[in-house]
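# Examination of the molecular architecture
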Amino acid sequence: MGALLFRSAYVVFLAATSVPVSAQWLKYPTAGTPRTAEGKPDLSAPAPKTPDGKPDLAGIWEADDSRHFFDLTADSKQEVPFQPWARALSQQRQDNLHKDDPLALCMPPGVPRINTIAPFKIIQTPPVVIVLYETTSTSAFRQIFTDGRPLPKDPQPTWLGYSVGTWEGGALKVDSVGFNDRDWLDTLIGHPQTDALHVIERFRRIDFGHMEIAVTIDDPKAYTAPWTGRFTVHLLPDTEILEMICENQRGIEHMVGK
């Protein structure tokens, strides 16, 4: 019951501190969308492909639910292989009622948490896949380079890292490094991350309206072995993402920990 109450309060907090602009183009038909006889989007139609035969991931997507925002391992029976200090920090964050979550300071949720809570738009081109996020903090973006370049050797740490993508059959495999050590991998459990974090995502479009994202977390400073998570997202046709601005300067003093 306590976890459910926390989740409800947390969603209310995020809604109160994130301010979308007025809705624009929210009912404009998306070109290329298959339709039923009634004119509604046919989300069970076959997954599209690009002219060169690769899976086409373009569109506006949203997680099916928020469970993986709170716990990346929500659907996994895998025991997360914590380093002792990381297990203690995770427990401390829970005991302290998640007071120090960077989201409370309007920082962007990192990877993969950013894919689990708010709509995001994929724009796919041959050399780079762009992801635009309508996040719970402030609008953000990622560049996933698919032009064959390697990951940077000594990158400046960032919230969303540096990403390169390769095609593996029907999936886009995305390798990301160069993260800071300030973010949390999820919200309720507060899985820690370090600057050694390597996130591997596999985006696989199941049909026109559904996509699976499989995630591997490889952070040897925080965990003794890689571990995984998996969640699904659905297409949001005939709409657009909105600008989101997080404003919480007047709310910090009201947040309490243990």
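Up top you'll find the structure we're talking about.
Since the structure is predicted, the reported quantities are computational estimates derived from the model, not experimental observations. For every chain, the first residue of the written sequence is number 1, and numbering continues from 1 along that sequence. Owing to the predicted nature of the model, reporting of local features is limited to residues with pLDDT of at least 70; listing and counting of side-chain atom pairs is limited to 80 or more, with chain, interface and lining totals taken over all residues. Only hydrogens and water are removed before side-chain values are computed, so all heavy atoms of the structure are retained for them.

Attention now moves to the overall build of the protein. For the purposes of this entry, the term helix denotes a DSSP run of H or I that reaches at least four residues, the term strand denotes a run of E that reaches at least two, and both are numbered from the N terminus. A tally of helices and strands in the protein yields 3 helices and 11 strands. Reading the helices (α) and strands (β) of the protein from amino to carboxyl end gives α-β-β-α-α-β-β-β-β-β-β-β-β-β. Only protein chains enter the accessibility calculation, which uses a 1.4 Å probe. A residue is then buried if its area is under 20% of the maximum for its type, exposed if over 50%, and partly exposed in between. Burial analysis of the protein (258 residues in total) assigns 47% to the buried set. The contact rule is simple, with two residues in contact once any of their heavy atoms fall within 4.5 Å. In the protein, once contacts between residues fewer than 6 apart in sequence are set aside, the share between residues at least 24 apart is 63%.

Here the focus is the state of the cysteines. Two cysteine sulfurs form a disulfide in these notes if their separation is within 2.5 Å. Taken as a whole and assessed by the stated rule, the structure comprises 1 disulfide. There is a disulfide in this structure between cysteine 106 and cysteine 246, and the S-S distance comes to 2.1 Å. One disulfide, between cysteine 106 and cysteine 246, carries an S-S torsion of -60 degrees and so falls in the left-handed class. Of this pair, cysteine 106 sits in the loop between helix H3 (84–95) and strand S3 (120–124) while cysteine 246 sits in strand S11 (residues 244–246), and the two are 140 residues apart along the sequence. Both residues of the pair, cysteine 106 and cysteine 246, belong to the buried class.

This part is about the side chain of aspartate 186. Topologically, aspartate 186 is positioned in the loop between strand S7 (171–177) and strand S8 (198–207). The term polar contact refers here to a pair of N or O atoms within 3.5 Å; inside protein, the definition further demands a hydrogen-donor-capable atom paired with an acceptor-capable atom, and it admits residues adjacent in sequence only when both atoms are side-chain atoms. Within the local environment of aspartate 186, its side chain forms a polar contact with the backbone nitrogen of glycine 190, the two atoms lying 3.1 Å apart. A distance of 2.7 Å separates a polar atom in the side chain of aspartate 186 from a polar atom in the side chain of histidine 191. Other than its neighbours up to four places away in sequence, aspartate 186 contacts His68, Phe69, Phe70, Asp71, Leu72, Arg113 and His191.

One number sums up the size of the largest pocket: a volume of about 300 Å³. Taken together, 20 residues line the largest pocket, and the ones lying closest to its centre are Thr30, Ala31, Thr33, Ala58 and Gly59. Class assignment for the residues of the lining of the largest pocket results in 10 nonpolar, 5 polar and 5 charged. The pocket and cavity definitions rest on a 1 Å grid over protein atoms only: a 1.4 Å probe that fits but cannot leave marks a cavity, an open set with protein on both sides within 12 Å along at least five of seven lines marks a pocket, and residues lining either have an atom within 4 Å of a point. Grid points are joined across faces, edges and corners, and a volume is the space filled by probe spheres set on the points. Note that Gly is not counted as nonpolar here; it falls among the polar residues with everything else outside the nonpolar set of Ala, Val, Leu, Ile, Met, Phe, Trp, Tyr, Cys and Pro and the charged set of Asp, Glu, Lys and Arg.

The next subject is H3. The end-to-end C-alpha separation of H3 is 17 Å, in line with the 16 Å expected for 12 residues at 1.5 Å each. Burial in H3 covers these residues: Ala86, Ser90 and Arg93. Buried residues of H3, seen end-on, are gathered within an arc of 65 degrees and therefore sit on one face of the element. Projecting away from the buried face of H3 at angles above 90 degrees are the exposed residues Pro84 and Gln92. A positive phi of about 60 degrees marks leucine 97, the residue just after H3. Expected helix span is given by 1.5 Å per residue-to-residue step, counting one fewer step than there are residues. Regarding the arc, it is the one traced by the directions from the helix axis to the C-beta atoms.

Another aspect to go through is the environment of histidine 191. Examined against the element boundaries, histidine 191 turns out to sit in the loop between S7 and S8. Each C-alpha atom, one on histidine 191 and one on alanine 86, is 7.5 Å from the other, the two residues being 105 residues apart in sequence. Filtering out sequence-adjacent residues up to four positions away, histidine 191 remains in contact with Asp71, Val80, Phe82, Arg93, Trp184, Leu185, Asp186, Tyr223 and Trp227.

The next point concerns the sheet that holds S7. Here a strand pair is declared whenever DSSP counts at least two bridges between the two strands. Strand order in the closed barrel formed by 9 strands is S2-S3-S4-S5-S6-S7-S8-S9-S10, and the pairing between neighbours is mixed. Sheet twist, expressed as the average angle between the axes of neighbouring strands with direction ignored, equals 30 degrees. Of the pairings in the sheet, the one linking S3 to strand S4 (residues 128–133) comprises 5 bridges and is antiparallel in character. Its bridge partner lying in S4, phenylalanine 120 is registered against tyrosine 133. All axes are obtained by fitting lines to C-alpha atoms, using only the stretch in contact for helices, and the reported angles, taken between N-to-C directions, cover 0 to 180 degrees.

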